[in-house]
Amino acid sequence: MSKPVVLVAEELSPAGLAVLENDFEVRHVDGADRAALLPAVADVDALIVRSATKVNAEVFEHASKLRVVARAGVGLDNVDVEAATKAGVMVVNAPTSNIVTAAEHAIALLLAIARNVPQGHAALKQGEWKRSKYTGVELQGKTVGVLGLGRIGVLVAQRLAAFDMNVIAFDPYVQAARAAQLGVRLVTLDELLAESDFVTVHLPKTPETLGLIGDRELRMVKPSVRIVNAARGGIVDEGALDLALKEGRVTGAGLDVFSTEPCTDSPLFVHDNVVATPHLGASTHEAQEKAGTQVARSVKLALSGEFVPDAVNVQGGAVAEDVKPGLPLAEKLGRIFTALAGGVPVRLDVVVRGEITGHDVKVLELAALKGVFSDVVEESVTFVNAPLLARDRGVEVSLTTSEDSPDWRNIVQVRGTMGDGAVISVSGTMTGPKHHERIIEINGYDMELLPTAHMAFFSYSDRPGIVGVVGKLLGDAGVNIAGMQVGRDVKGGRALIALTVDEAIPAQLVDAIAAEVGADMGRRVDLDS
């Protein structure tokens, strides 16, 4: 009997190849050469890539036997996961392969800017002995502010605590009790900026975090602050940082990522107190080897029909045909919940009602959790790691099912209780033979709204004229409204506007609308990010 075929389209570590070679026929192709790749995938069972090979719908059309695509790395920008799912192809990556490497590089940058290591090195190489010019500072006793307590942020916090630093953190999606277990004090963003001697960024890049550290924030810091960004370019506004360095409001910066990459020319490179590296966060031999061996093991599990822990687009078990259409809806509800909540709940309830509960709907809970954390953490969120992310953040999760659904054939609700007792909820359903998605409830307000790529929600005191004000402000900004629903509890009580729009609403405009109408909640949701 012939062995299953694994096609390796880019360089894979020898250790990774060794995992495969005994059980599979391993072939090689240059994945960047499209003319070579497409015929090569015709009869293979698995495809392993890194970042240069584009795996899209065209590839799946040519690969009739393909069962799994593995990305030997963390990101999946070059793999069309939706097209893979439609083609019935599992997608896996190596989500933990570089977390230690990334954390260590952030600390390397922090130490470099604390002690002026690159500057002293460059001067000495030029024959200059400048001890006094490059006098640095100790880490011991200093306060470091960690932006984001995901896996990498936690590793950085633990390592910097060993330097006897005072570690504080900002992360609205982590419970204070969980942070306390790590020896970290949770603070607001403004408190972190005001207190920190060092700031290190470990957040995912989302519409909410883009430009998070801008001109306003950089006017709140100590002039002695040193800032490290080894997470994602654009979270620290490069123009604002350049100005702060010029004006002496920031003492130094260590940068591994940039808004546009590759980046070989930046005003920031002119500053002697900036240490910059070309996105080396994942670039160690160990990380590359871990990535290779992790995806090789996942491929081996997938082709053996076993459970795959790092599967991105499938649970790893059978899902009833009646349940499958609900997975994208449940994930969207989770993302909308997180946007509305603006933080992590202490308890999350996924409630499923209707005929669908005659099947195993556990996967809908996993899909909702995947959505809840998709815009919260740096790493890819899967059906497998989503419960672990909830546990690490101290979130109690439950699934409730009931055949009773008087108004709709089936309903999925994501409901969370926040630390202050507030309850946030969002419900959805699917209608018709084509399973059209609908949002049918937000925070107790009944509505029927098509979930789209760009949405916004405003909660306010019910009174005349609010819809007109919102429409005018959006129109003045050139944002077109595609749909709008207004719900209220009683006349003159509380009301909620839910909007779908044609393009993303800038965060500043959301804040301006909320202020203008006196909203106690103004949130945007961008499902295409």
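Residues numbered from 1 in each chain as written. Predicted model: local features only at pLDDT ≥ 70, side-chain atom pairs only at ≥ 80, totals over all residues. Heavy atoms only, no water.

Heads up, the rule is: UniProt positions are given in the numbering used here, feature names are shortened, and annotations may be inferred rather than shown by experiment.
If you check an unreviewed UniProt entry, the protein appears there as D-3-phosphoglycerate dehydrogenase from Actinomadura harenae. The UniProt entry for the protein carries this comment under Pathway (unreviewed entry): "Amino-acid biosynthesis; L-serine biosynthesis; L-serine from 3-phospho-D-glycerate: step 1/3."

### Focus on the overall build of the protein
Short version of the rule: Runs of E in the DSSP output that reach at least two residues are strands. Runs of H or I that reach at least four are helices, and both are numbered from the N terminus. Our radius of gyration is a C-alpha quantity, and the globule rule it is checked against amounts to 2.2 Å times the number of residues to the power 0.38. We call two residues in contact when some of their heavy atoms are within 4.5 Å. Surface accessibility in these figures is a Shrake-Rupley result with a 1.4 Å probe; residues are shielded only by whichever protein chains are displayed.
Along the protein, the regular secondary structure elements total 17 helices and 22 strands. For 529 residues, the compact-globule formula gives about 24 Å, and the C-alpha radius of gyration of the protein, at 25 Å, lands near that figure. With respect to the principal axes defined by its C-alpha atoms, the protein has extents near 80 × 75 × 45 Å. A sequence separation of at least 24 residues applies to 64% of the contacts in the protein between residues at least 6 apart. Summed over its atoms, the accessible surface of the protein is roughly 23,300 Å², and 51% of this surface lies on carbon and sulfur atoms.

### Describing the packing of helix α5 (residues 99-115) against helix α7 (residues 151-161)
Worth spelling out the cut-off: Only the stretch in contact is used when fitting a helix axis, every axis being a line fitted to C-alpha atoms; angles between N-to-C directions are given from 0 to 180 degrees. By definition in this entry, angles of less than 35 degrees are roughly parallel, angles greater than 145 are roughly antiparallel, angles of 65 to 115 are roughly perpendicular, and the rest are oblique. Two helices that cross are described as forming a left-handed crossing if the nearer one is turned anticlockwise from the farther one by less than a right angle, and a right-handed crossing if clockwise. The nonpolar class holds Ala, Val, Leu, Ile, Met, Phe, Trp, Tyr, Cys and Pro. Asp, Glu, Lys and Arg form the charged class, and all remaining residues, Gly among them, are polar.
For the pair α5 and α7, the least separation of the axes is 9 Å and the interaxial angle reads 50°. Here α5 is positioned oblique relative to α7, judged by the angle of their axes. The two elements α5 and α7 cross, and the hand of that crossing is right-handed. Two secondary-structure elements touch here, α5 through Ile 99, Val 100, Ala 102, Ala 103, Ala 106, Ile 107 and Leu 110 and α7 through Arg 151, Ile 152, Leu 155, Val 156, Arg 159 and Leu 160. Classifying every residue of the contact of α5 with α7 gives 11 nonpolar, no polar and two charged.

### A look at the sheet that holds strand β3 (residues 46-49)
Basically, it comes down to this: Paired strands are those between which DSSP finds at least two bridges.
Read across the open sheet, the five strands follow the order β2-β1-β3-β4-β5; overall the sheet is parallel. In the strand order of this sheet, the two ends are held by β2 (25-28) and β5 (90-92), each with one partner. Here the strands of the sheet are splayed against their neighbours by 20° on average, with no regard to which way each runs. By the bridge criterion, three bridges tie strand β1 (residues 5-8) to β3 in an arrangement that is parallel. Looking at β3, one finds that Val 8 is bridged to Ile 48. Each of β1, β2 and β3 is contacted by helix α1 (residues 14-21), which is oriented at about 140° to β2, the strand it contacts most. Across the sheet, helix α12 (residues 285-303) is in contact with β1, β3, β4 (68-71) and β5; its angle to β4 comes to roughly 170°.

### Here we look at the nonpolar core
To keep it simple, the criterion reads: What is meant by a nonpolar core is a set of buried Ala, Val, Leu, Ile, Met, Phe, Trp, Tyr and Cys residues, joined one to another through side-chain atoms within 4.5 Å. Type-normalised accessible area, obtained with a 1.4 Å probe on protein chains alone, sets the label of each residue: buried when under 20%, exposed when over 50%, and partly exposed for intermediate values. For each domain, the first and last residues come from an automatic or database assignment.
Counting residues in hydrophobic clusters, the biggest one holds 50 residues, and the most contacted among them are Ile 336, Phe 337, Leu 364, Phe 373, Val 426, Ile 442 and Phe 457. A total of nine residues in this core trace back to one element, the largest contributor, which is helix α13 (residues 326-341). Three or more residues apiece are contributed to this core by two domains, here domain 3 (314-450) and domain 4 (452-528). With 30 residues, the next largest nonpolar core counts Ala 106, Leu 109, Ala 114 and Ala 230 among its residues.

### Topic: the sheet that holds strand β10 (residues 226-229)
Ordered by their spatial adjacency, seven strands build an open sheet running β8-β7-β6-β9-β10-β11-β12, and the pairing between neighbours is parallel. Two strands lie at the open edges of the sheet, namely β8 (185-186) and β12 (274-276), each paired on one side alone. In terms of strand pairing, strand β7 (residues 166-170) meets β8 through two bridges, oriented parallel. By the bridge assignment for β8, Ala 169 is matched with Leu 186. With respect to the sheet, α5 is in contact with β6 (143-147), β9 (198-201), β10, β11 (252-255) and β12, its orientation differing from that of β10 by roughly 155°.

### Some thoughts on the packing of helix α16 (residues 466-476) against helix α17 (residues 507-517)
Interaxial distance between α16 and α17 falls to 10 Å at its minimum, and their mutual angle equals 150°. When the axis of α16 is compared with that of α17, the two are roughly antiparallel. The handedness of the crossing between α16 and α17 comes out as right-handed. When α16 is examined against α17, the residues Ile 466, Val 469, Val 470, Leu 473 and Leu 474 are found in contact with a partner set consisting of Leu 509, Ile 513, Glu 516 and Val 517. Of the residues contributing to the contact of α16 with α17, the split by class is eight nonpolar, no polar and one charged.

### Observations concerning the environment of Thr 431
On the secondary structure map, Thr 431 appears in strand β16 (residues 423-431). Note: C-alpha distance between Thr 431 and Ile 168 (263 residues apart in sequence) is 47 Å. Aside from chain neighbours lying at most four places away, what touches Thr 431 is Trp 408, His 436 and Arg 438.

### Points about unusual backbone geometry
Cis geometry is adopted by the peptide bond preceding Pro 262, which originates at Glu 261 and carries an omega value of 0°. On the secondary structure map, Pro 262 appears in the loop between β11 and β12. The phi torsion at His 279 lies on the positive side, around 50°, for a residue other than glycine. If you trace the backbone, His 279 turns up in the loop between β12 and α12. His 279 gets classed as partly exposed once you look at its relative accessible area, which sits at 37%. Even without a glycine there, the phi angle at Asn 443 is positive, about 50°. Within the element layout of this structure, Asn 443 appears in the loop between β17 (436-442) and β18 (445-449). The class of Asn 443 is partly exposed, set by a relative accessible area of 24%.

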